[in-house]
Amino acid sequence: MADVLWRPQGRLRRSTRTVRVRTSAAIIALLVLAVLLVPPLVQLDQQAVDLAQKLQPPSWAHLFGTDDVGRDLLLRCVYGLRISLLVGVVAALAATLIGTAVGAVAGAFGGWTDRLVMRLVDTFSSVPHLLLGIFVVAMFRPGVWPVVVSVALTHWLSTARIVRSEILSLRSRPYIDAAISGGASRWRVTVRHLLPGVLPQAGLAAVLMVPHAMWHESALSFLGLGLPTHQASLGNLVQSARGSLLAGDWWPTLFPGLLLIVPTLAIAGLAGAWRERLNPRRRSELML
């Protein structure tokens, strides 16, 4: 009787999850296509100033309207999204590599190495990410790669903890004991057995870090510490639209803000499905 009552709810959950995943994948695909195809197809210069067209509301001529100097906001947003995605993906991959290496060393070697590495992680965690990122960016000229370095050096901590925890769990498995008993060195056990076991969790951490890195870049650019002001990024677009918002012109702020929020929600939707696949117990509960 209980199974009969639970099956419709389980089917509803599965169908809801499927719709969420497909919608998230479609949104991400659409944004990637826009980044790749809009600049070459739209024969407009994103830096072209036309004061006669400044602060025009959205229309068929300018779907996102124009900014305070008459530049097409759609094209500016696409270029800004391109930069933000570049920073997010590259910084997330770099941070994941650093965190995986640090967590693997701590979990595989254990003992004083584990304690020393984790105290280092705790020390970095005690400093706010944005404050540490500002310190890193301040040592370089404004540009894309200083922002990437800043995000990568401040966002590897959670990945290191996840990888260490997974490796400590894997070390108790019988096949690890068998490999060690067979004479395999600690380095070989780590590379051949432990690291492949943590790659799914590390990949999930990298995916979830992409929107976090995009927001971090936008925060730095909004503060004037990220990309140069003439270079389109979502943070720069929001920062330059503050005066227009106070004057009642909503579109220069709305569309860059949406292009930050929508990819975050889409990536979160895909990451949630990935997390459910990695956790069989949770997946079995959802399939009741």
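Just above sits the structure.
In this convention, every chain numbers its residues from 1, walking through the sequence in written order. Reporting in this predicted model follows two pLDDT cut-offs: at least 70 for local features of residues, and 80 or more for side-chain atom pairs to be given and counted; totals over whole chains, interfaces and linings ignore these cut-offs and use all residues. Water and hydrogen atoms play no part in the side-chain values, which are based on all heavy atoms of the structure.

*Asks:* In this structure, what is going on with the overall build of the protein chain? I would like to understand it.
*Replies:* Secondary structure elements follow DSSP: runs of H or I no shorter than four residues count as helices, runs of E no shorter than two count as strands, and numbering proceeds from the N terminus. Scanning the protein chain from N- to C-terminus turns up 12 helices and zero strands. For the protein chain, the sequential pattern of α-helices and β-strands runs α-α-α-α-α-α-α-α-α-α-α-α. Only protein chains enter the accessibility calculation, which uses a 1.4 Å probe; a residue whose area is less than 20% of its type maximum is buried, one above 50% is exposed, and one in between is partly exposed. The buried share among the 288 residues of the protein chain stands at 40%. Here, Shrake-Rupley sampling with a 1.4 Å probe gives the accessible areas, and only protein chains in the shown set may cover a residue. Carbon and sulfur atoms provide 67% of the accessible area of the protein chain, an area that totals close to 15,800 Å².

*Asks:* Sorry if this is basic, but what is going on with the nonpolar core here?
*Replies:* Grouped burial of nonpolar side chains is what soluble globular proteins tend to show. In plain words, nonpolar cores are sets of buried Ala, Val, Leu, Ile, Met, Phe, Trp, Tyr and Cys residues tied together by side-chain atoms within 4.5 Å. With 26 residues, the main nonpolar core has Leu81, Val121 and Trp156 as its most contacted residues. Elements represented by at least two residues in this core include exactly α1 (2-41), α2 (73-109), α3 (111-125), α6 (157-170), α8 (186-222), α9 (234-240) and α11 (251-278). Per element, the largest residue contribution to this core is eight residues, and it comes from α2. Only heavy atoms enter the contact rule, under which two residues are in contact if any of them lie within 4.5 Å. In this structure Leu81 touches Leu31, Val35, Met214, Leu234, Leu259 and Pro263, once residues within four positions along its chain are discounted.

*Asks:* Sorry, what's going on with the pattern of salt bridges here?
*Replies:* By salt bridge we mean one thing: a side-chain nitrogen of Lys or Arg within 4 Å of a carboxyl oxygen of Asp or Glu. Scanning the model with the defined rule gives four salt bridges in all. Two residues, Asp114 and Arg164, come together in a salt bridge whose shortest N-O distance is 2.7 Å. Linking Asp114 in helix α3 with Arg164 in helix α6, this pair joins segments that are 50 residues apart in sequence. Its relative accessible area of 10% is what places Asp114 among the buried residues. Taking relative accessible area as the criterion, Arg164 reaches 22% and is therefore assigned partly exposed.

*Asks:* Just to check I follow, could you spell out the side chain of Asp114 for this structure?
*Replies:* Contacts described as polar in this section are N or O atom pairs within 3.5 Å, which, within protein, must combine one atom able to donate a hydrogen with one able to accept it, while residues neighboring in sequence count only if both atoms come from side chains. A polar atom in the side chain of Asp114 sits 2.7 Å from the side chain of Arg164. Not counting residues up to four positions away in its chain, the partners in contact with Asp114 are Ala106 and Arg164.

*Asks:* Mind showing me how you'd approach the packing of aromatic side chains here?
*Replies:* Each pair of aromatic rings is reported with the distance of its centres and the angle of its planes. Pairing of aromatic rings covers Phe, Tyr and Trp, the last counted by its six-membered ring, and requires centre-to-centre distances within 6.5 Å; plane angles under 30 degrees mean stacked, over 60 mean edge-to-face, and any other angle means tilted. Applying the stated rule across the entire model yields four aromatic pairs. Ring centres of Trp250 and Trp251 lie 5.5 Å apart, and the angle between their planes is 90 degrees; on these two criteria the pair is classed as edge-to-face. Among the residues examined, Trp250 registers a relative accessible area of 42% and is labelled partly exposed. The class for Trp251 is buried, based on a relative accessible area of 6%. Taking the centre distance of 6.3 Å and the plane angle of 45 degrees together, the rings of Trp250 and Phe255 count as tilted. Judged by relative accessible area, Phe255 falls into the buried class, the value being 13%.

*Asks:* Just checking my understanding: could you explain α6 for this structure?
*Replies:* Note on helix geometry: an α-helix contains 3.6 residues per turn, so any two residues three or four positions apart are oriented the same way. Expected helix span is given by 1.5 Å per residue-to-residue step, counting one fewer step than there are residues. Its 14 residues give α6 an end-to-end C-alpha distance of 20 Å, which sits within 8% of 20 Å, the value for a rise of 1.5 Å per residue. Residues of α6 that are buried include every one of Leu157, Thr159, Ala160, Val163, Ile167 and Leu170, and no others. Across the axial projection of α6, the buried residues extend over an arc of 155 degrees, all falling on one side. Note that the arc is computed from the directions linking the helix axis to the C-beta atoms.

*Asks:* Mind showing me how you'd approach the side chain of Thr154 here?
*Replies:* Inspection of the secondary structure assignment puts Thr154 in helix α5 (residues 144-154). What Thr154 contacts, discounting residues up to four positions off in sequence, is His129, Leu132, Gly133 and His216.

*Asks:* Hey, could you run me through the environment of Leu204 in this one?
*Replies:* When you line up the elements, Leu204 lands in helix α8. Considering only alpha carbons, one finds Leu204 and Trp274, 70 residues apart in sequence, at a separation of 7.2 Å.

*Asks:* Got a minute to help me understand the packing of α3 against α6 in this structure?
*Replies:* The description of two helices packed together rests on the angle between their axes and the distance between the axes. To define axes, lines are fitted to C-alpha atoms, for helices over the stretch in contact only, and angles between the resulting N-to-C directions are given on a 0 to 180 degree scale. Viewed as axis vectors pointing N to C, α3 and α6 meet at an angle of 150 degrees, and their least axial separation amounts to 10 Å. Between α3 and α6, the angle is such that the two are roughly antiparallel. When you trace α3 past α6, the crossing you get is left-handed. Residues Asp114, Met118, Val121, Asp122, Phe124 and Ser125 of α3 lie in contact with α6, whose contacting residues are Leu157, Ala160, Arg161 and Arg164. The residue inventory of the contact of α3 with α6, partitioned by class, reads five nonpolar, one polar and four charged. Geometric relationships in this document are graded by angle, where less than 35 degrees denotes roughly parallel, more than 145 denotes roughly antiparallel, 65 to 115 denotes roughly perpendicular, and other angles denote oblique. For a crossing to be left-handed, the near helix must be turned anticlockwise from the far one by less than a right angle; the clockwise case is right-handed. Asp, Glu, Lys and Arg are counted as charged, while Ala, Val, Leu, Ile, Met, Phe, Trp, Tyr, Cys and Pro are counted as nonpolar; the rest, among them Gly, fall into the polar class.

*Asks:* Just to check I follow, could you spell out the packing of α2 against α5 for this structure?
*Replies:* Relative orientation of the contacting elements α2 and α5 amounts to 40 degrees, with a least axis distance of 8 Å. The orientation of α2 relative to α5 falls into the category oblique. Here α2 and α5 pass one another in a crossing that is right-handed. Of the residues in α5, those in contact with Ile83, Leu86, Val87, Val90, Ala91, Ala94, Ala95 and Ile98 of α2 are Val144, Trp145, Val147, Val148, Val151, Ala152 and Leu153. Of the residues assigned to the contact of α2 with α5, the class counts are 15 nonpolar, no polar and no charged.

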